[in-house]
Each structure stands twice: as structure tokens, then as C-alpha cells.
Amino acid sequence: MKRNLLQFDGEGLARWFEGMGEKAFRARQVERWVHQSGEGEFARMSDLAKGLREKLALAACVEAPIVVGDSVAEDGTRKWLLKVDGANAVEAVFIPEVDRGTLCVSSQAGCVLDCEFCSTGKQGFNRNLTTAEIVGQLWLANRFLRDEEHPRPISNVVMMGMGEPCLNLDEVIPALRLMLDDHAYGLSRRRVTVSTSGVIPGMDRLREECPVALAVSLHAPNDALRDRLVPLNRKYPLRELLAACKRYLERAPRDFITFEYVMLEGVNDSDEHARELLKIAAKVSCKFNLIPFNPFPGSGFKRSSAERIARFAEILRRDGLTVTTRKTRGDDIAAACGQLAGEVADRTRRSTRRTVALKEVRA
Ligand code: SAH
Ligand code: SF4
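A. Structural view of the packing of aromatic side chains. Per the stated rule, a full pass over the model turns up seven aromatic pairs. Where W16 meets F17, the ring centres are 5.9 Å apart and the plane angle is 70°; that geometry is what we call edge-to-face. Taking relative accessible area as the criterion, F17 reaches 0% and is therefore assigned buried. Look at W80 and F144: their rings are 5.8 Å apart centre to centre, the planes differ by 35°, and that puts the pair in the tilted class. Taken together, the residues span a long stretch of sequence, with W80 in strand β4 (residues 78–83) and F144 in helix α5 (residues 131–146) at a distance of 64 residues. W80 gets classed as buried once you look at its relative accessible area, which sits at 2%. Judged by its relative accessible area of 27%, F144 falls in the partly exposed class. A network of ring pairs unites the aromatic residues F8, W16 and F17 as a single cluster. Sitting over the face of the ring of F256, K287 holds its NZ or CZ atom 4.0 Å from the ring centroid.

B. View of the pairing of strand β3 (residues 66–72). Sheet topology places β3 next to β4; six bridges connect them, and they run antiparallel. Bridging across to β4, G69 finds its partner in L81. Connecting the antiparallel pair β3 and β4 is a turn made up of five residues, with G76 showing a positive phi of about 95°.

C. A look at the domain arrangement of the chain. Along its sequence, the chain is carved into domain 1 (3–61) and domain 2 (66–356). With 16 residues of domain 1 at the interface, the matching set in domain 2 holds 18 residues. Buried surface at the junction of domain 1 and domain 2, summed over both partners, amounts to about 1300 Å²; 47% is from carbon and sulfur atoms. Looking only at domain 1, the three residues that lose the most surface to domain 2 are L6, Q7 and H35, adding up to 41% of its buried area. At the surface where domain 1 touches domain 2, the tally comes to one salt bridge.

D. Looking closely at the layout of surface pockets. One number sums up the size of the largest pocket: a volume of about 420 Å³. For the largest pocket, the lining is made up of 24 residues, of which R190, R191, T193, A213 and F256 are closest to its centre. Of all the elements in the fold, those that place two or more residues in the lining of the largest pocket are β9 (156–159), β11 (213–217), α9 (238–250) and β12 (257–263). With three residues, the top contributor of residues to the lining of the largest pocket is β9. The residue makeup of the lining of the largest pocket, split by class, is 12 nonpolar, five polar and seven charged. Approximately 210 Å³ is the volume attributed to the second largest pocket. Considering the residues around the second largest pocket, the lining is formed by P221, N222, D223, L238, R239, L242, A243, K246, E276, K279, I280 and K283. Elements represented by at least two residues in the lining of the second largest pocket include exactly α9 and α10 (271–281).

E. Layout of the nonpolar core. Formed by 108 residues in total, the largest nonpolar core has its most connected members in L176, F259, F288 and L316. Looking at which element gives the most residues to this core, the answer is α5, with eight residues. Residues in contact with L176, not counting those within four places in the same chain, are M159, V192, V194, L206, C210 and V212. Core analysis: the next-biggest nonpolar cluster, separate from the first, contains six residues, I95, C104, V158 and A215 among them.

F. Representation of the environment of F144. Along the backbone, F144 and H35 are 109 residues apart, and their C-alpha atoms lie at a distance of 13 Å. Setting aside residues no more than four positions away along its own chain, F144 makes contact with V67, D70, R78 and W80.

G. Structural detail: the side chain of S107. Tracing the backbone shows S107 in the loop between β6 (101–104) and β7 (108–110). The exposure class of S107 is buried, given its relative accessible area of 2%. With sequence-adjacent residues up to four places away left out, S107 is seen in contact with N128, L129, I134, M159, M162, G163, E164, P165, N168 and V172.

H. Examining the sheet that holds β6 more closely. The mixed open sheet is built from 10 strands, whose spatial order is β3-β4-β5-β6-β9-β10-β11-β12-β13-β14. A single partner strand is all that each edge strand has here, and the edge strands are β3 and β14 (323–325). Averaged over all adjacent pairs, the angle separating strand axes in this sheet is 20°, with direction ignored. Where β4 lies against strand β5 (residues 89–96), six bridges are found, and the strand directions are antiparallel. Looking at the pairing, K83 lines up with A89 of β5. Of the strands in this sheet, β11 and β12 touch α9, which is tilted by about 145° from β12.

Here is what the cut-offs are and how they apply
Residues numbered from 1 in each chain as written. Chains lettered and ligands numbered in written order. Predicted model: local features only at pLDDT ≥ 70, side-chain atom pairs only at ≥ 80, totals over all residues. Heavy atoms only, no water. Phe/Tyr/Trp six-rings, centres within 6.5 Å; stacked < 30°, edge-to-face > 60°. Buried < 20%, exposed > 50% of the residue type's maximum accessible area, 1.4 Å probe, protein only. Helix = DSSP H or I, 4+ residues; strand = E, 2+ residues; numbered from the N terminus. Lys NZ or Arg CZ within 6 Å of the ring centre and 35° of its normal. Pairing = 2+ DSSP bridges. Domains from an automatic or database assignment. Contact = heavy atoms within 4.5 Å. Buried area = accessible area lost by both parts, 1.4 Å probe. Salt bridge = Lys/Arg side-chain N within 4 Å of Asp/Glu carboxyl O. 1 Å grid on protein atoms, 1.4 Å probe; cavity = no way out; pocket = protein on both sides within 12 Å on 5 of 7 lines; lining within 4 Å. Points joined across faces, edges and corners; volume = space filled by probe spheres on them. Nonpolar A, V, L, I, M, F, W, Y, C, P; charged D, E, K, R; others polar. Core = buried A, V, L, I, M, F, W, Y, C linked by side-chain atoms within 4.5 Å. Axes fitted to C-alpha atoms, helices over the stretch in contact; angles between N-to-C directions.

Listed below in C-alpha cells is the structure:
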């Protein structure tokens, strides 16, 4: 079995090279070829000795998920459907904005946490993605975007695709490290965001091992409502969640938590809810990102009106909070947050095909 080099972070690759009797600096050279130049063929890594190239070709490969769909929305959002095995596909979405280009990446096929308003949750959990499958989304997107007529760089990565990243940290952390690694993608810590529904042990581990920017899916200002919308709240209630948020920020006091809040008409969007949120906001350094709900068949929820969202934001802002409202992006190609999207194209496996959920990013 050849080793897939996308599975290694920088340190892992260096150790693997040493195990083969090669110097660590050779590993960094290869890392730059693979991640910075997007090269998958060892024969083309022209500054490596021919002997090493041949040795690598026998022992290793660079293997990303298979692209089975590629679409571009009118607003420039580009979405890839990626087959990770016979039964599962995930999506990666590139969202261009004036001052940045954000890639939204998936961490699991499905999700075990079953939030009421989320189509991924409603589909159940299939499996964790591997580091190679997670970083492979970035590797592929980079290559595609670079080949466009007007190449577009990826300046930010958000782990807001399908799945709960804090339940798959063994595979997610090496991928995050590669995103930060100067020999790979070289993004700053603040330009890489993990979004969690509040898996406290995962938040604590991330803080210790790779404290990137953190977004927490709050969605309700009290336990009674959050227990219903985000069932994980029954295990990790708000008081504990807020304490974990504070702990997370201890290592980087100038940072803040981004609280994500999906706007559900008549459920969590009243003036009273906004005022209750202010009490939470007073306890931890934070910003709010309001997400207009994206409906899917059978969800039973409706999106709050634009006026309601504006009023809600205004109440939060009165206290000096920074509030952004996420703009729905790429909805003509079903690339908006929480929308049902692509399926594995292989129609012979109808019973095992999976739909996947998608993303958008703050406006
Ligand atoms: N599991 C993680 C990350 C993936 S979901 C988490 O829950 O944070 C990324 C964001 O999309 C979360 O804030 C999630 O609550 C939100 N989301 C899920 N379904 C949605 C929908 N139908 N409409 C709008 N936002 C949704
Ligand atoms: Fe899972 Fe996040 Fe969806 Fe909840 S919102 S079911 S945690 S992907």
C-alpha cells in the first residue's frame, strides 16, 4: 500500500521521510511541491534527486477525493462535489468576496448530533473524513481556482461544511496544522475557523493543540430552547459552554468567539430572545453572526423575515456588539448553508447514495 502524503501534517511527513532514511528538509521540499504547487506527480518535482523521485513514486501517492461535480453560481461561488468512497460524497464551497476568498470544508460524512434545523443532522452519521480527505478539499480547490482565467486565491478556510469537526479532531487537527504551516498553505491562525455546536472536550483539546479561530453555534439564548434546537445542549448546557468559550480565549486574550445564530421565524427570533442574548454576550468576548435559515423539505421551520433579522441585529448592536448577517451565497447551485445538495453520481448504488449539506459565509 502506498502512503497518501495528504494524510501527513508537516511533522508527520518529516518523520516518515526519516523512517525511509531521508533527511527532514527533503520532506519540507516535497511538502511545498504538494501543497504550494499542487503537484501530485513525483516525477515533476524537478529539484529532487532522480533516485528520491523514483523511491517516492514506489512508496507514496498524492490522492485527493474524486471530483464528481463542479458548478459555479452567478455570484461566483464555486462548489465541488467530492466522492470519498462508493457511498459517500461531501462538498467544498469557495465563496469569493471583495476582500477575501473563503473555502468551506467538510469534516464528516453526515453528523451524529441531529440539530433540528440542519439537513446534515437529519441524514444521520456515516463516517469521519480522514486528514487526506479534509486537506484534499483544499488541495483540489486550490488547483481548480489557480487554473481559472483570473486565478482566485483562498485566503480563509472555515470548517463549516458537513459534520462536527470537534468530534473528529484526530483527523481535523493535522489538516488544520497544514493550513497554518508555512511550507503548506501558510494561513494565519485567524483566517482558519472551526465551527462547533459546542462539543466541550473538543474545544478544550483544540485550544491546547491548535487554537485557530472558533465559531460556536449558539442558536438559542436559554437552555430550554437550545435543548430542543441543538440536542447536544442536554449534555453540555449553556453555562458550561460559556465557561469553555472563556477558557478557549485565555490563550489569546485579544481573540473573540463568533456566535452563530440561525434565524428561525417565531422560534428564536423575538426581541426578548435578543435581549436574553445580551446577557450571554456580556460574559464572553464575542461577535454575532446571524444566519438566515435555509429551508429544506420537511424541516418544519421558516426563515425569519429580513425586517425581523434587522431588528434583532439592532438590539444586539445597541450594546456595542459586532453583528453580521450572513448573506445567502450560491443558492442557484444549492451551495447555501444547510441546503441539501449533491449526491453520489453513481446511480447503480441508489440505496446508499447520500445527500450532503452545504455552506455559505458571513456577509
Ligand atoms: N457542526 C458544526 C459545523 C457545521 S454547520 C456546527 O454545527 O457548528 C455550520 C453552520 O451552519 C452551523 O452554525 C449550523 O448551525 C448552520 N446550519 C445548519 N443548518 C442550517 C440551515 N438549514 N440554515 C442555516 N444554517 C444552518
Ligand atoms: Fe451536526 Fe452542525 Fe448540523 Fe448540528 S448543525 S447536525 S452539529 S452539522
